[in-house]
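Remarks on the overall topology
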Amino acid sequence: EDQVTQSPEALRLQEGESSSLNCSYTVSGLRGLFWYRQDPGKGPEFLFTLYSAGEEKEKERLKATLTKKESFLHITAPKPEDSATYLCAGGSNYQLIWGAGTKLIIKP
Amino acid sequence: NAGVTQTPKFRILKIGQSMTLQCTQDMNHNYMYWYRQDPGMGLKLIYYSVGAGITDKGEVPNGYNVSRSTTEDFPLRLELAAPSQTSVYFCASKGTANTEAFFGQGTRLTVV
């Protein structure tokens, strides 16, 4: 059965304290691993797509990486405005298989 | 470019009432989706469509219906609303199986 699991459920960091979020996946015929950011009361906002193991993508303080079983979202020197829920999803034919998300809180 | 537009943004229904959540996209995307998101939970797929005239059930379809008469529109119908349908509903679309999905801003529905 296709499954995506994110950890931790919540993460509290001090401003400037780097860390990583994990997304483990079992998706047959994976057609992309997607990362989204969701702010309270809003729809998910697309961040990255990774298609093959070893691929990396960066955007400001965020870097996403992909292996054959996991994806990591590394956040470097985060700021309070990076606080949000981060969702990952595995693409499978017509659908996206979603993780439950990691709620990231950055304290000033 | 408006992207994905959902209406209404908020709605309160009484038990047993019906309503339609509207979703329109202007990106000429073939794939469209309806999700529900309960507090602190991930997205659960209700229905999806791979093109006009084609719809299929997702993970949690009971109590809902959809139609896709045009590429742009994908309305979600709730019949006989129940408290268990209190949730935030998101519509999304994407162009191909390999590309990212774009989301609307959501409809917050409360059934009392």
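Let us look at the structure shown here. Because the structure is predicted, anything quoted here is derived from the model rather than measured. (Residues numbered from 1 in each chain as written. Chains lettered and ligands numbered in written order. Predicted model: local features only at pLDDT ≥ 70, side-chain atom pairs only at ≥ 80, totals over all residues. Heavy atoms only, no water.)

Once that is clear, we can look at the layout of surface pockets. Roughly 960 Å³ of internal volume is contained in the largest pocket. Elements supplying a minimum of two residues to the lining of the largest pocket: strand E1 (3-7), strand E9 (84-92), strand E10 (95-98) and strand E11 (102-107) of chain A together with strand E9 (87-94) and strand E11 (107-111) of chain B. Looking at side-chain class alone, the lining of the largest pocket contains 14 nonpolar, 17 polar and nine charged residues. Every residue lining the second largest pocket is counted, 13 residues in all, and those nearest its centre are Trp98 of chain A together with Leu43, Lys44, Leu45 and Glu59 of chain B. Of all elements in the fold, only E10 of chain A together with strand E5 (43-51) of chain B reach the threshold of two or more residues within the lining of the second largest pocket. (1 Å grid on protein atoms, 1.4 Å probe; cavity = no way out; pocket = protein on both sides within 12 Å on 5 of 7 lines; lining within 4 Å. Points joined across faces, edges and corners; volume = space filled by probe spheres on them. Helix = DSSP H or I, 4+ residues; strand = E, 2+ residues; numbered from the N terminus. Nonpolar A, V, L, I, M, F, W, Y, C, P; charged D, E, K, R; others polar.)

Trp35, Leu73 and Tyr86 of chain A are the most contacted members of the largest nonpolar core, which totals 23 residues. Contributing elements (two or more residues each) for this core: strand E2 (10-14), strand E3 (19-26), strand E4 (30-38), strand E5 (45-50), strand E7 (62-66), strand E8 (70-75), E9 and E11 of chain A. Not counting residues up to four positions away in its chain, the partners in contact with Leu73 of chain A are Ser19, Ser20, Leu21, Trp35, Phe48, Leu62, Lys63, Ala64 and Tyr86 of chain A. Ranked by size, the runner-up nonpolar core spans 19 residues in total, among them Leu13, Leu21, Cys23 and Tyr64 of chain B. (Core = buried A, V, L, I, M, F, W, Y, C linked by side-chain atoms within 4.5 Å. Buried < 20%, exposed > 50% of the residue type's maximum accessible area, 1.4 Å probe, protein only. Contact = heavy atoms within 4.5 Å.)

Moving on to the sheet that holds strand E6 (residues 56-59) of chain A. Residues and elements named next belong to chain A. Within the open sheet, the five strands sit side by side as E1-E3-E8-E7-E6. Their pairing is antiparallel. What marks the edges here is a single partner per strand, and that holds for E1 and E6. The sheet shows a mean angle of 15° between the axes of neighbouring strands, taken without regard to direction. With four bridges connecting them, E6 and E7 associate as antiparallel partners. Across the sheet, residue Lys57 finds its bridge partner in E7, namely Ala64. (Pairing = 2+ DSSP bridges. Axes fitted to C-alpha atoms, helices over the stretch in contact; angles between N-to-C directions.)

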